[in-house]
Amino acid sequence: MNKWLRQYAGMTVGIVLTAAALNMFLIPNKIAAGGVSGLATVLHYLSGWSVGLIMLAFNIPLFFVGIKILGTRYGLNTLYGAAALSISIDLLAPYTPVLTHDLLLSSLYGGVLSGIGMGLVFRFKGNTAGTAMAAAILNKLYGISVGQALLAADFLVVAFAGVVFKSPELALYATISIFVTAQIIDLVQEGPSTSKAFLIMTDKPQQVADGILYEIDRGVTFLQGKGGYTGQDRELLLCVVSTSEVTQLKELIYQKDQKAFVIVADAHEVLGEGFTPVKSSQR
């Protein structure tokens, strides 16, 4: 029961933040940042109906079609997310101040706040239906990739808004908001990049590994590889360090083997000994 309450509490916080972003920044400035919320924003100015009601009119039928075609994996979480977001937008609208009418600020801050909100919804295993479900349905029926379907849906909504509002400028600001939202969603789900992963190809694997183990006090894993050109078997080293240890590890590798080939990549979230303990994301 506690786990269930944490999950829905986390989803609800994310939904409220998303609704606040729409009411404070996006809807008042006619920024239709893709998806069902963007389409509802356009139709709101055309019909006078509330944004939440329009979203509900699209999402509920879409949800039941999705259940029939995709199965019950969307379930209660999606139904709750779709309904709660629509209701939150309309309930909060009279009490939410419009913080700015500057289009650039609105697109940036609206994108950041909605990204945080949607990131929390996804992190707590929620969903708000919308174009994500429509994309999944198209993928199931016609084999269209989910990414392409989402991109096409957002493009159509933004283009529709630009035509209706007679402002290509608004469409450009909406594109900025879509990009910012996507980046923040990833950041909330994966966490900031505070660690680096090193993949080390060296002719002195044991010496480098000993340096990592005893001089930097980090773990290292031996991987088996094979040279594509030489065909020779060789050992690769995989190591994850904090950003403050990156320079130290580079210097160590250089000292042990100046001819080593090293790949350094961002590790957005590292779980386990020496880093963040492994635990449920809902705690």
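Above this text sits the structure in question.
Parameters and conventions
- Residues numbered from 1 in each chain as written.
- Predicted model: local features only at pLDDT ≥ 70, side-chain atom pairs only at ≥ 80, totals over all residues.
- Heavy atoms only, no water.
- 1 Å grid on protein atoms, 1.4 Å probe; cavity = no way out; pocket = protein on both sides within 12 Å on 5 of 7 lines; lining within 4 Å.
- Points joined across faces, edges and corners; volume = space filled by probe spheres on them.
- Helix = DSSP H or I, 4+ residues; strand = E, 2+ residues; numbered from the N terminus.
- Nonpolar A, V, L, I, M, F, W, Y, C, P; charged D, E, K, R; others polar.
- Polar contact = N/O pair within 3.5 Å; in protein donor to acceptor, adjacent residues only side chain to side chain.
- Core = buried A, V, L, I, M, F, W, Y, C linked by side-chain atoms within 4.5 Å.
- Buried < 20%, exposed > 50% of the residue type's maximum accessible area, 1.4 Å probe, protein only.
- Contact = heavy atoms within 4.5 Å.
- Phe/Tyr/Trp six-rings, centres within 6.5 Å; stacked < 30°, edge-to-face > 60°.
- Lys NZ or Arg CZ within 6 Å of the ring centre and 35° of its normal.

1. Here's the deal with the layout of surface pockets
Empty pockets left among the atoms are what a rolling probe the size of a water molecule brings to light.
Inference 1: Of the voids in this model, the largest pocket is the one considered here, and its volume is about 800 Å³.
Inference 2: Together, 34 residues line the largest pocket, and G35, M118, T131, T181 and I185 are the ones closest to its centre.
Inference 3: Broken down by secondary-structure element, the contributors of at least two residues to the lining of the largest pocket are α1 (2–26), α2 (35–47), α3 (51–70), α5 (103–123), α6 (130–142), α7 (146–164) and α8 (168–190).
Inference 4: Counting residues per element, the lining of the largest pocket draws most heavily on α8, which supplies seven residues.
Inference 5: For the lining of the largest pocket, a count of residues per class yields 16 nonpolar, 16 polar and two charged.
Inference 6: Volume-wise, the second largest pocket comes out at about 160 Å³.
Inference 7: Lining the second largest pocket are G35, V36, L39, F58, L62, G130, T131, A134, A153, L156, V157 and F160.
Inference 8: Secondary-structure elements contributing two or more residues to the lining of the second largest pocket are α2, α3, α6 and α7.
Inference 9: In terms of residues, the lining of the second largest pocket owes the most to one element, α7, which gives four residues.

2. Examining the side chain of D257
Inference 1: Considering the arrangement of structural elements, one finds D257 in the loop between α10 (246–256) and β4 (261–267).
Inference 2: In terms of polar contacts, D257 uses its side chain to reach the backbone amide nitrogen of D203, at 3.2 Å.

3. Some words on the nonpolar core
Inference 1: With 23 residues, the main nonpolar core has V51, M55, L85, I89 and L113 as its most contacted residues.
Inference 2: Those elements that place two or more of their residues in this core are α1, α2, α3, α4 (75–92), α5 and α8.
Inference 3: With near-sequence residues (within four places) excluded, I89 lies in contact with A19, L22, N23, I27, V51, G52 and M55.

4. Observations concerning the packing of aromatic side chains
Inference 1: Evaluated as defined, the whole model comprises five aromatic pairs.
Inference 2: Measuring from centroid to centroid gives 6.1 Å for F25 and Y109, while their planes differ by 25 degrees, and the two rings are stacked. You can see F25 sitting in helix α1 and its partner Y109 sitting in helix α5, a full 84 residues away along the chain.
Inference 3: Residue F25 is classed as buried on the basis of its relative accessible area, which comes to 6%.
Inference 4: Relative to F64, the ring of F63 lies with its centre 5.2 Å away and its plane at 75 degrees, an arrangement referred to as edge-to-face.
Inference 5: Each member of the aromatic cluster is reached from another via a ring pair, and the members are W4, Y8 and Y80.
Inference 6: The ring centre of Y45 lies 5.2 Å from the NZ or CZ of K30, which sits over that ring.

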